[in-house]
Amino acid sequence: MQQLKGIKILLVDDEPNILQFLELGLQNEGFEVQTAQDGMTAITILKQFQPHVVILDVMMPGMDGFEVCRMIKKMDNVAVIMLTARDEVDDRVKGLNLGADDYMVKPFSFEELLARIYARIRNQFPHLFGEVVIGPFHIDDRRKEIRYENRVLELSPTEYELLKFLVLNHGLVLSKTMILDKVWGYDFAGEENIVEVYIRSLRDKLHDKDHQLIRTLRGSGYRVDLP
């Protein structure tokens, strides 16, 4: 993965062993890292440190992760990845509704966390990358242009945002609800099948008639598979 200088990550978890493990791993990847073991300390550090990404545990004493997420999103345009030991749909929905950008269930692999961190950075801070090259895709967010196998794709603004979201999160399963929230916005009042319509259009433009690039996982969502 591409290392970026100056990317700041704030880790918030009340378990010292997890903090130490993640801090060491992320520092070895070239990130600037600070840690907090409770919500109030996290808010104080956030104001001074100004991180790009906050990795935030849900279950903490005192101020829980949901309240910390709500406060963070009022203060800054920082990416928030929430961690939880409970794989509960209600928890994920609550976190996403409060503005969380991603959600991971413990235990998780460090490699997956790293992939999700890079996905969030590419999505919210594309200027740090310039043109992003991911497999056969070249994403130029300044020109709102995507090239696939050296061919410029003719995309509507919504198709551009959808394909960018899928590619930046390649390898991850993205539900229709998550896609609607991130591409159409939380206040979208239309039908979920609009996602299927746009996916079909993207497959046509990518010549992906066998669905080998944009895969459908029935009951789960979509996943982009790259070589």
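Basis of the calculations
Residues numbered from 1 in each chain as written. Predicted model: local features only at pLDDT ≥ 70, side-chain atom pairs only at ≥ 80, totals over all residues. Heavy atoms only, no water. UniProt positions renumbered as here; feature names shortened; annotations may be inferred. Pairing = 2+ DSSP bridges. Helix = DSSP H or I, 4+ residues; strand = E, 2+ residues; numbered from the N terminus. Axes fitted to C-alpha atoms, helices over the stretch in contact; angles between N-to-C directions. Contact = heavy atoms within 4.5 Å. Core = buried A, V, L, I, M, F, W, Y, C linked by side-chain atoms within 4.5 Å. Buried < 20%, exposed > 50% of the residue type's maximum accessible area, 1.4 Å probe, protein only. Salt bridge = Lys/Arg side-chain N within 4 Å of Asp/Glu carboxyl O. Right-handed = clockwise from strand over helix to strand, strands pointing away. Parallel < 35°, antiparallel > 145°, perpendicular 65-115°, else oblique. Left-handed = near helix turned anticlockwise from the far one by under 90°. Expected span 1.5 Å × (residues − 1).

An unreviewed UniProt entry lists the protein under the name Stage 0 sporulation protein A homolog, from Desulforamulus putei DSM 12395. The protein has a UniProt comment under Function (unreviewed entry) that states "May play the central regulatory role in sporulation. It may be an element of the effector pathway responsible for the activation of sporulation genes in response to nutritional stress. Spo0A may act in concert with spo0H (a sigma factor) to control the expression of some genes that are critical to the sporulation process."

A.B. asks: Tell me about the sheet that holds strand β1 (residues 8-12), and name the residues and values.
C.D. replies: Strand order in the open sheet formed by five strands is β2-β1-β3-β4-β5, and the pairing between neighbours is parallel. Each edge of the open sheet carries a strand with a single partner, namely β2 (32-36) and β5 (102-105). Across the sheet, the mean angle from the axis of one strand to that of its neighbour is 20°, orientation sign disregarded. Relative to β5, strand β4 (residues 79-84) runs parallel, the two sharing four bridges. Across the sheet, residue Ile81 finds its bridge partner in β5, namely Asp102. Across the sheet, helix α2 (residues 39-49) touches β1, β2 and β3 (53-57), and the angle it forms with β2 is around 155°. Sheet strands in contact with helix α3 (residues 65-75) are β3, β4 and β5, and its direction is about 180° off that of β4.

A.B. asks: I'd like to hear about the nonpolar core, residue by residue, with values.
C.D. replies: Residues Phe137, Leu166, Ile179 and Ile214 are the most contacted members of the largest nonpolar core, which totals 28 residues. Among the secondary structure elements, those contributing two or more residues to this core are β6 (131-134), β7 (137-140), β8 (145-148), α6 (157-168), α7 (176-184), α8 (194-205) and β11 (221-224). Top contributing element to this core by residue count: α6, with seven residues. Other than its neighbours up to four places away in sequence, Phe137 contacts Val132, Ile146, Arg147, Tyr148, Leu163, Val167, Leu206, Leu213 and Leu226. If you look at the next biggest cluster of nonpolar residues, it comprises 22 residues, including Phe49, Val68, Val78 and Tyr103.

A.B. asks: Now, about the pattern of salt bridges: what can you tell me, with residues and values included?
C.D. replies: Enumeration over the complete set of coordinates arrives at 18 salt bridges. Across the pair Arg120 and Asp102 runs a salt bridge, and its minimum N-O distance is 4.0 Å. Of this pair, Arg120 sits in helix α5 (residues 110-124) while Asp102 sits in strand β5, and the two are 18 residues apart along the sequence. Note on Asp102: relative accessible area 3%, which makes it buried. A salt bridge links Arg223 to Asp225; its shortest N-O distance comes to 2.7 Å. Its relative accessible area of 22% is what places Arg223 among the partly exposed residues. For Asp225, a relative accessible area of 23% translates into the label partly exposed. Here the salt bridges do not stand alone but share partners, grouping Asp13, Glu15, Asp57 and Lys106 into one network.

A.B. asks: How would you summarise the environment of Asp76 if you had to cite specific residues and measurements?
C.D. replies: Within the secondary structure, Asp76 sits in the loop between α3 and β4. On the accessibility criterion, Asp76 (35% relative accessible area) is partly exposed. With 69 residues separating them in the primary sequence, Asp76 and Glu145 have C-alpha atoms 27 Å apart.

A.B. asks: Can you explain the pairing of β4? Please cite residues and give values.
C.D. replies: Buried residues dominate β4, accounting for six of its six residues. Here β4 shows two buried faces, one formed by Ala79, Ile81 and Leu83 and the other by Val80, Met82 and Thr84. Two strands pair when backbone bridges link them, and β3 and β4 are joined in this way by five bridges, in the parallel orientation. Directly across from Val53, in β4, lies its bridge partner Ala79. In terms of handedness, the path from β3 via α3 over to β4 forms a crossover that is right-handed.

A.B. asks: Lay out the packing of helix α1 (residues 16-28) against α5 with the relevant residues and their values.
C.D. replies: Where α1 meets α5, the axes come as close as 12 Å, and the angle between the chain directions of the two elements is 60°. Taken together, the axis directions place α1 and α5 in an arrangement best described as oblique. Viewed along their axes, α1 and α5 form a crossing whose handedness is right-handed. In this structure, α1 contributes Phe21, Leu22, Gly25 and Leu26 to the contact, and α5 contributes Phe110, Leu113, Leu114 and Ile117.

A.B. asks: How would you explain α6 if you had to name every residue and give the values?
C.D. replies: Think of an α-helix as turning once every 3.6 residues; residues three or four places apart then point the same way. With 12 residues, α6 extends 16 Å from end C-alpha to end C-alpha; this agrees with the ideal 16 Å at 1.5 Å per step. Burial of α6 is extensive: nine of the 12 residues sit out of reach of the surface. When α6 is considered as a whole, its buried residues turn out to be Glu159, Tyr160, Leu162, Leu163, Lys164, Phe165, Leu166, Val167 and Leu168.

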